[in-house]
Amino acid sequence: MGRPARISREAIAEAANDIGLSDLTLRAVADRLGVSIASLYHHVEGKDDLLRLAAEYSAARTSIPQDEGQHWAVWLLEWALYNRDAFVAEPALFGQFMDGAIGADVMADNTEAILARLVAQGFTAREAQSAYQLVSGCALGAAVQAIREQRAAVAGRPAAKEYLRLLADREPGDLPHLRALLAEAAITPLDSFETRITTVLAGIAARRGEDWSAIVTNVERLLTAHG
């Protein structure tokens, strides 16, 4: 009857997820499972397949915020914070996301739960989808910016420093708006993710005819607590 399989795609996916996409190799997974690389090839086609498997495993276990009766804006903010932090913590997820590894078959249940949560608070399904996409897009954009800034800092080329170097080589009258912006940023930080997501949520509220100023107050309170 042959020897029973020592591993499965599920076990490989779990091991890959534990290792993390950024450090993922066939050797690392094989060592973690205590098998040979050749054994892995009975279940995965190679490194790309392994990355897709790990991304699917991670996405399928994404937890949407708990429904504790909080206002829809607070709930969406919690979702945005989770998404931003997840992609910043695992930048390699972006490549898999862009390549379609995290597809509808993986995210359908979570998407349905998100839509249902918003519909329960008076959104139509279309309004819920629009709000979900706006908030998710803001979170993903913030994650891209944070990852770029981290990598630039590690390389010793932070954006602000690079712009200042550029301006020092240009004529004093060149790029006046950029100069003014950098001068302002040296005194007061420019708009953060928290500011941008607050604007998005307030805009959704205004479009729905709700009191957007109350949304801002609720969101700022949660952001303060989030730290």
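Predicted model, so just to flag it, every value in this text is computed and none were measured.

Trainee: Before we go on, may I ask you to explain helix α1 (residues 9-19) in this structure?
Mentor: An α-helix turns once per 3.6 residues; consequently, residues spaced three or four apart project the same way. Within the sequence span of α1, burial applies to Ile-12, Ala-13, Ala-15, Ala-16 and Ile-19. For α1, the angular spread of the buried residues around the axis is 165°, confining them to a single face.

Trainee: I'm lost on the confidence of the model for the protein in this one. Help?
Mentor: Taken residue by residue, the protein gives an average pLDDT of 86. The fraction at 70 or more is 94%. Confidence, read as mean pLDDT per element, is least for helix α6 (residues 92-98) in the protein (78) and greatest for helix α2 (residues 26-33) (93).

Trainee: Sorry, what's going on with the environment of Ala-128 here?
Mentor: Turning to its location among the elements, Ala-128 is positioned in helix α8 (residues 125-154). Sequence separation between Ala-128 and Leu-115 is 13 residues, and the spatial gap between their C-alpha atoms is 5.5 Å. Residues contacting Ala-128, with those up to four places away along its chain left out, are Leu-115, Leu-118, Val-119 and Phe-123.

Trainee: Just to check I follow, could you spell out the packing of aromatic side chains for this structure?
Mentor: Aromatic ring pairs are reported here in terms of the distance separating the ring centres and the angle at which the planes meet. Inspection of every chain in the model, using the stated rule, returns two aromatic pairs. Their ring planes at 80° and their centres at 5.2 Å tell us that Trp-72 and Phe-123 sit as a pair that is edge-to-face. Of this pair, Trp-72 sits in helix α5 (residues 72-89) while Phe-123 sits in the loop between α7 (104-119) and α8; the two residues are 51 residues apart in sequence, bridging distant segments of the chain. Across the pair, exposure class does not vary: Trp-72 and Phe-123 are buried alike. For the pair Trp-79 and Tyr-132, a centre-to-centre distance of 6.1 Å together with 50° between the ring planes defines the contact as tilted. Separated by 53 residues along the polypeptide, Trp-79 in helix α5 and Tyr-132 in helix α8 bring together distant segments of the chain. Judged by relative accessible area, Tyr-132 falls into the buried class, the value being 13%. In this structure, Arg-208 is placed above the aromatic ring of Phe-123, and the distance from its NZ or CZ to the ring centre is 3.8 Å.

Trainee: Looking at this model, I keep getting lost on the nonpolar core. Mind explaining?
Mentor: Note on soluble globular proteins: their nonpolar side chains tend to be buried together. Ranked by internal contacts, the top residues of the largest apolar core, which has 30 residues, are Ile-12, Leu-24, Val-29, Leu-40 and Leu-50. Going through the elements one at a time, α1, α2, α4 (47-60), α5, α6 and α8 are the ones with two or more residues in this core. No other element matches α4, which puts seven residues into this core. With sequence-adjacent residues up to four places away left out, Leu-24 is seen in contact with Ala-16, Ile-19, Val-29, Lys-47, Leu-50, Leu-51 and Ala-54. Counting 27 residues, the second-largest nonpolar core is a separate cluster that includes Leu-76, Phe-123, Ala-131 and Tyr-132.

Trainee: Can you walk me through the pattern of salt bridges in this structure?
Mentor: Side-chain pairs of opposite charge can arise whenever the charged atoms involved come near each other. A complete count under the given rule lists 13 salt bridges for this structure. Across the pair Arg-84 and Asp-85 runs a salt bridge whose closest N-O atoms are separated by 3.0 Å. Take Arg-84: its relative accessible area is 14%, and that puts it in the buried class. A relative accessible area of 35% means that Asp-85 is categorised as partly exposed. Among the salt bridges present, the one from Glu-162 reaches Arg-165, with a minimum N-O distance of 3.3 Å. On the criterion of helical spacing, the pair formed by Glu-162 and Arg-165 is a turn pair, its members being three residues apart in helix α9 (residues 159-168). The class for Glu-162 is buried, based on a relative accessible area of 17%.

Trainee: How should the environment of Ala-214 be read in this particular structure?
Mentor: Mapped onto the fold, Ala-214 is located in helix α12 (residues 212-226). Sequence-wise, Ala-214 and Val-154 are 60 residues apart; in three dimensions their C-alpha atoms are separated by 40 Å.

Trainee: Honestly, unusual backbone geometry in this entry has me stumped. Any pointers?
Mentor: Leave glycine aside and you will find that most residues have negative phi; peptide bonds, for their part, are mostly trans. Positive phi outside glycine occurs at Leu-175, with the angle close to 50°. Counting through the fold element by element, Leu-175 comes out in the loop between α9 and α10 (176-187). Residue Leu-175 is classed as partly exposed on the basis of its relative accessible area of 31%.

Trainee: Could you clarify how one ought to interpret the side chain of Gln-70 in this entry?
Mentor: The residue Gln-70 is located in the loop between α4 and α5 in this model. A relative accessible area of 12% places Gln-70 in the buried class. Of note is the side chain of Gln-70, whose polar atom sits 2.7 Å from the backbone nitrogen of Glu-68. A polar contact of 3.0 Å, which involves the side chain of Gln-70, links it to the side chain of Glu-78. When neighbours within four sequence positions are excluded, Gln-70 is seen to be in contact with Trp-75, Glu-78, Arg-117 and Gln-121.

The rules behind each value
Residues numbered from 1 in each chain as written. Predicted model: local features only at pLDDT ≥ 70, side-chain atom pairs only at ≥ 80, totals over all residues. Heavy atoms only, no water. Buried < 20%, exposed > 50% of the residue type's maximum accessible area, 1.4 Å probe, protein only. Helix = DSSP H or I, 4+ residues; strand = E, 2+ residues; numbered from the N terminus. Arc of directions from axis to C-beta. pLDDT = per-residue confidence, 0-100. Contact = heavy atoms within 4.5 Å. Phe/Tyr/Trp six-rings, centres within 6.5 Å; stacked < 30°, edge-to-face > 60°. Lys NZ or Arg CZ within 6 Å of the ring centre and 35° of its normal. Core = buried A, V, L, I, M, F, W, Y, C linked by side-chain atoms within 4.5 Å. Salt bridge = Lys/Arg side-chain N within 4 Å of Asp/Glu carboxyl O. Polar contact = N/O pair within 3.5 Å; in protein donor to acceptor, adjacent residues only side chain to side chain.

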